[in-house]
Amino acid sequence: MEPTDTAEPDYFHKVVDCQWACPAHTDVPEYIRLIAQGEFTDAYMVNRASNVFPGILGRVCDRPCEPACRRGRIEDKPVAICRLKRVAADHRDDISALLPRAPEQKNGKRVACIGAGPASLTVANDLLPLGYEVTIFEQFAVAGGLMRTNIPAFRLPANVLNEEIGYIVSMGADLRLNSPIRSMKQLLDAKEFDAVFVGSGAPKGKELELPGRRDSDRIHIGIAWLESVAFDHIDKIGERVLIIGVGNTAMDCCRTSMRLGAKDVKVMARKPRKFFKASAWELEDAEHETVQIVVNRAPKSFVTKDGKLAGMMFEALEYDISGGEITATRVLGDEFYPCDDVILAIGQENAFPWIERDIGINLDRWNVPVVDKTTFQSTRPEVFFGGDAAFGPKNIIWSVEHGHQAAISIHKFCQGESVAARMPRGLTLSSRKMGMHEWSYKNEYNAAERRLVPHVGLVERFKKVNVEVELGFTAEQAALEVQRCLNCDMQTVFTAKLCIECDACIDVCPTDCLTITHGGEEADLRTRLRAPARVTAQPLVVSGALPQTGRVMVKDENLCVHCGLCAERCPTAAWDMQKSTIHWPHAGDGETACRPKQRQSA
């Protein structure tokens, strides 16, 4: 193997698994360290630089960072990354003076954003400081998109939404509420805007056309029903409710039903639990609230009696699962489940009745716009899509990253530059050495187990539909959880010419991730390491030839826990612990802009 090129930004980025897994590439270890130091405001601003909505996402993010967390390789549960994000939001000071500002002198370009959801708000957040005039058209009387209408208030309180949306609108965005766009052609023909961003989400719930579907008005579409609850159009439901589907929307529907008076709520799943789309914690919260989850039941028909919904007929199924996949299905027979209401939560899809089909914006046969996956530009150059409107339903953090990337493209388009030309990612390495054996971070391993987030009691949470269930960590509880972070962005940087091959680093390494051996091909090297290198998702670090013997230093990134003992023990400072900071470009990077200020720590 050739010596590993660790100067390539993605190398160390991939080592910080949580940040690599986050669509917005939030610097997770950095904000966790700031929380450990009690610097909640700085931690919030580190979050906001990439994910824009720390208070919102600290409650409802799908947490792609947590399954990737390196802590999960040494014990069952990862660091509570998402809930620590909320800690920064809950305990910070006033950040008004630290937010980006829009310059008084505008740049003469105007951008329209359709829908006031997370993608459009991110576009506005990125473009307003560059001097753009941004108008956001929202069909409802409040902003937030599906964050507002489809996530119940007991998970995401309105005041949290209002505050973080307000930070963006107060920069000077022209937010036009109760202003649905009914014709894209009319909007474009007016030539009022230099570019248009569509962030209208995937607002259409999927139907379940079975016998009896049109025989009752007690069969509801999940996202439309949640929307009606959010706007107080619905305040009650029958005592027996069946939820069809097992995604996160289904979990919101079943838990909301319990708060509107339901006594017997069942979530009906076609497949076994391992195939559910809902997050594990969503399932746990629902079951804790006495919701029953019934598996291996396929909907067959809706049953009405005397003009009223009586229940549903299901096929009971049995599956053969081989290699983690369903290989065969057997029908055991029919089963009837009585109910007063049925809520269909089997998915969402795009809906663009307001985009004419003859204006140069191509949509595929699934009604999804044809959009470049890098630039988010549609087949009409001045129109861009992002969030669920671009590629179908995902989650908020993906919408945020779509917004960042679309903002780059819109900026380049408006400035007459190629939208395909993207700034490269950057990397900064900075030593954390403070003395002979001292580092500017806490590097010992803490064996503490993951802390559970406190919840409101079952009795209290059902008194009102908007009682927030999760209380969040106190500062004291957070101080314990942050110690579980392994500081994966503190990289073991090796300088081959300083190594004297004394083996001190190898002797002290607690995971046997280091080996000095003769060079060779990767497959061969992996057989000669001190510990088996079975996981190939992360590469081996291979040094240049060592000066004493010509052998190489090899490190298995999969096993390294960034404890820094190698650097502490090394007598020649061949090893150093250096913080890797990844610079992920946003709109206007490299130009003069009114960027967020950095607070000076006391």
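Here the structure is a predicted model, which means the values were calculated and not measured.

**Details of a positive patch on the surface**
Right, on to step 1. Together, Lys-206, Arg-270, Lys-271 and Lys-277 make up a region of like positive charge exposed at the surface.
Right, on to step 2. Within the secondary structure, Lys-271 sits in the loop between strand E8 (264–268) and helix H14 (280–288).

**Structural notes on the pattern of salt bridges**
Right, on to step 1. All chains considered together, the criterion is met by 47 salt bridges.
Right, on to step 2. Note that Arg-33 is salt-bridged to Asp-489, the shortest N-O span being 2.7 Å. One end of the pair, Arg-33, is in helix H3 (residues 28–36); the other, Asp-489, is in the loop between helix H18 (475–481) and strand E19 (490–494), with 456 residues separating them in the sequence. Across the pair, exposure class does not vary: Arg-33 and Asp-489 are buried alike.

**Some words on the nonpolar core**
Right, on to step 1. Counting residues in hydrophobic clusters, the biggest one holds 66 residues, and the most contacted among them are Leu-127, Met-184, Val-198 and Phe-385.
Right, on to step 2. Per element, the largest residue contribution to this core is eight residues, and it comes from helix H16 (residues 396–414).
Right, on to step 3. Excluding its chain neighbours within four sequence positions, the residues that come into contact with Leu-127 are Val-111, Tyr-132, Val-134, Ala-407, Ile-410, His-411 and Ala-587.
Right, on to step 4. Cys-18, Phe-40, Met-45 and Leu-84 belong to the second-largest nonpolar core, a separate cluster that totals 29 residues.

**Quick notes on the sheet that holds strand E22 (residues 552–556)**
Right, on to step 1. One open sheet accounts for three strands, arranged E20-E22-E21; its pairing is antiparallel. Only two strands of the sheet have a single neighbouring strand rather than two, namely strand E20 (514–517) and strand E21 (540–542). Across the sheet, the mean angle separating the axes of adjacent strands is 20° when strand polarity is ignored.
Right, on to step 2. In this sheet, E22 lies alongside E21 in antiparallel orientation, the contact comprising three bridges. Residue pairing across strands places Val-541 opposite Lys-555, the latter belonging to E22.

**Some thoughts on unusual backbone geometry**
In terms of backbone geometry, most residues other than glycine have negative phi values and most peptide bonds are trans.
Right, on to step 1. One non-glycine residue, Asn-487, lies in the positive phi region at around 55°.
Right, on to step 2. Here Asn-487 is to be found in the loop between H18 and E19.
Right, on to step 3. Notably, His-562 is not glycine yet its phi reads approximately 60°, a positive angle.
Right, on to step 4. Locating His-562 in the fold gives a position in the loop between E22 and helix H21 (565–569).
Right, on to step 5. By relative accessible area, His-562 is classed as buried at 2%.

**Details of the sheet that holds strand E6 (residues 219–221)**
Right, on to step 1. The five strands lie next to each other as E6-E13-E7-E8-E9, forming an open sheet whose pairing is parallel. For this open sheet the edge positions go to E6 and strand E9 (292–294), each flanked by a neighbour on one side alone. Across the sheet, the mean angle separating the axes of adjacent strands is 25° when strand polarity is ignored.
Right, on to step 2. By the bridge criterion, three bridges tie E6 to strand E13 (residues 341–344) in an arrangement that is parallel. Within E13, the residue paired with Ile-221 across the bridge is Leu-344.
Right, on to step 3. Helix H12 (residues 222–230) rests against E6 and E13 of the sheet, and its axis sits at about 85° to E6.

**Looking at the packing of helix H8 (residues 118–127) against H16**
Right, on to step 1. Orientation of H8 relative to H16, taken along the N-to-C sense of each, is 40°, at an axis distance of 7 Å. By the angle class used here, H8 and H16 are oblique. As for the relative orientation of H8 and H16, their crossing is right-handed in sense. Of the residues in H16, those in contact with Pro-118, Ala-119, Thr-122, Val-123, Asp-126 and Leu-127 of H8 are Ile-396, Ser-399, Val-400, Gly-403, His-404, Ala-406, Ala-407, Ile-410 and His-411.
Right, on to step 2. Along the lines of polarity and charge, the residues of the contact of H8 with H16 split into nine nonpolar, five polar and one charged.

**Digging into the pairing of E19**
Right, on to step 1. The element E19 is extensively covered by neighbouring structure, given that five of its five residues are classed as buried.
Right, on to step 2. Burial along E19 is two-sided: the face carrying Met-490, Thr-492 and Phe-494 and the face carrying Gln-491 and Val-493 are both buried.
Right, on to step 3. Bridge count between E19 and strand E23 (residues 575–583): five bridges; the pairing is antiparallel. Looking at E23, one finds that Gln-491 is bridged to Gln-578.

**Some thoughts on the domain arrangement of the protein chain**
Right, on to step 1. According to the domain assignment, the protein chain consists of domain 1 (99–203 + 350–414) and domain 2 (205–347).
Right, on to step 2. Computed over C-alpha atoms only, the centres of domain 1 and domain 2 are separated by 32 Å.
Right, on to step 3. Every contact between the two is made by 11 residues of domain 1 and, on the other side, 11 residues of domain 2.
Right, on to step 4. A per-residue breakdown of the area domain 1 buries against domain 2 is headed by Asn-150, Phe-154 and Arg-155, which together make up 53% of the total.
Right, on to step 5. Scanning the region where domain 1 abuts domain 2 turns up two salt bridges.
Right, on to step 6. Salt-bridge contacts for Arg-155 lead to Asp-252; the nearest nitrogen and oxygen are separated by 2.8 Å.
Right, on to step 7. Across the contact surface, domain 1 and domain 2 share four residue pairs in polar contact (both at pLDDT 80 or more).
Right, on to step 8. Residue classes in the side of domain 1 that touches domain 2 are distributed as seven nonpolar, two polar and two charged.

**A closer look at the pairing of strand E7 (residues 240–244)**
Right, on to step 1. Counting buried residues along E7, four of its five residues qualify, which places the element largely inside the surrounding structure.
Right, on to step 2. Where E7 and E8 come together, five bridges link them in parallel fashion. Bridge pairing in E8 links Ile-243 to Val-267.
Right, on to step 3. Where the polypeptide runs from E7 across helix H13 (residues 248–259) and back to E8, its parallel neighbour, the crossover connection is right-handed.
Right, on to step 4. In terms of strand pairing, E7 meets E13 through four bridges, oriented parallel. What sits directly across from Leu-242, in E13, is Val-342.

**A word on the environment of Leu-226**
Right, on to step 1. Its location among the elements puts Leu-226 in helix H12.
Right, on to step 2. Classification of Leu-226 as buried rests on a relative accessible area of 4%.
Right, on to step 3. Residues Leu-226 and Thr-256, 30 residues apart in the sequence, show an inter-C-alpha distance of 8.1 Å.
Right, on to step 4. The contacts of Leu-226, once residues within four sequence positions are left out, are Thr-149, Asn-150, Thr-249, Asp-252, Cys-253 and Thr-256.

**Describing the side chain of Arg-48**
Right, on to step 1. Positionally, Arg-48 belongs in helix H4 (residues 40–51).
Right, on to step 2. Buried charge without a partner: Arg-48 forms no salt bridge, and the closest opposite charge is Glu-164, 6.6 Å away.
Right, on to step 3. When near neighbours in sequence (up to four residues on either side) are disregarded, Arg-48 contacts Pro-54, Leu-99, Pro-100, Asn-125, Tyr-167, Ile-168 and Met-171.

**Here's the deal with the side chain of Ser-543**
Right, on to step 1. Looking at where Ser-543 falls in the secondary structure, it is placed in the loop between E21 and E22.
Right, on to step 2. A polar contact is formed between the side chain of Ser-543 and the backbone nitrogen of Met-553, at a distance of 2.9 Å.
Right, on to step 3. In contact with Ser-543, not counting residues within four places along its chain, are Pro-3, Phe-494, Ala-496, Val-552 and Met-553.

So, how was this worked out
- Residues numbered from 1 in each chain as written.
- Predicted model: local features only at pLDDT ≥ 70, side-chain atom pairs only at ≥ 80, totals over all residues.
- Heavy atoms only, no water.
- Patch = residues over 30% accessible without salt bridge, like charges linked within 9 Å, V, L, I, M, F, W, Y side chains within 5 Å.
- Areas by Shrake-Rupley, 256 points an atom, 1.4 Å probe, with all protein chains shown as cover.
- Salt bridge = Lys/Arg side-chain N within 4 Å of Asp/Glu carboxyl O.
- Lys, Arg positive; Asp, Glu negative; His and termini not counted.
- Charge placed at Lys NZ, Arg CZ, Asp CG, Glu CD.
- Helix = DSSP H or I, 4+ residues; strand = E, 2+ residues; numbered from the N terminus.
- Buried < 20%, exposed > 50% of the residue type's maximum accessible area, 1.4 Å probe, protein only.
- Core = buried A, V, L, I, M, F, W, Y, C linked by side-chain atoms within 4.5 Å.
- Contact = heavy atoms within 4.5 Å.
- Pairing = 2+ DSSP bridges.
- Axes fitted to C-alpha atoms, helices over the stretch in contact; angles between N-to-C directions.
- Parallel < 35°, antiparallel > 145°, perpendicular 65-115°, else oblique.
- Left-handed = near helix turned anticlockwise from the far one by under 90°.
- Nonpolar A, V, L, I, M, F, W, Y, C, P; charged D, E, K, R; others polar.
- Domains from an automatic or database assignment.
- Buried area = accessible area lost by both parts, 1.4 Å probe.
- Polar contact = N/O pair within 3.5 Å; in protein donor to acceptor, adjacent residues only side chain to side chain.
- Right-handed = clockwise from strand over helix to strand, strands pointing away.

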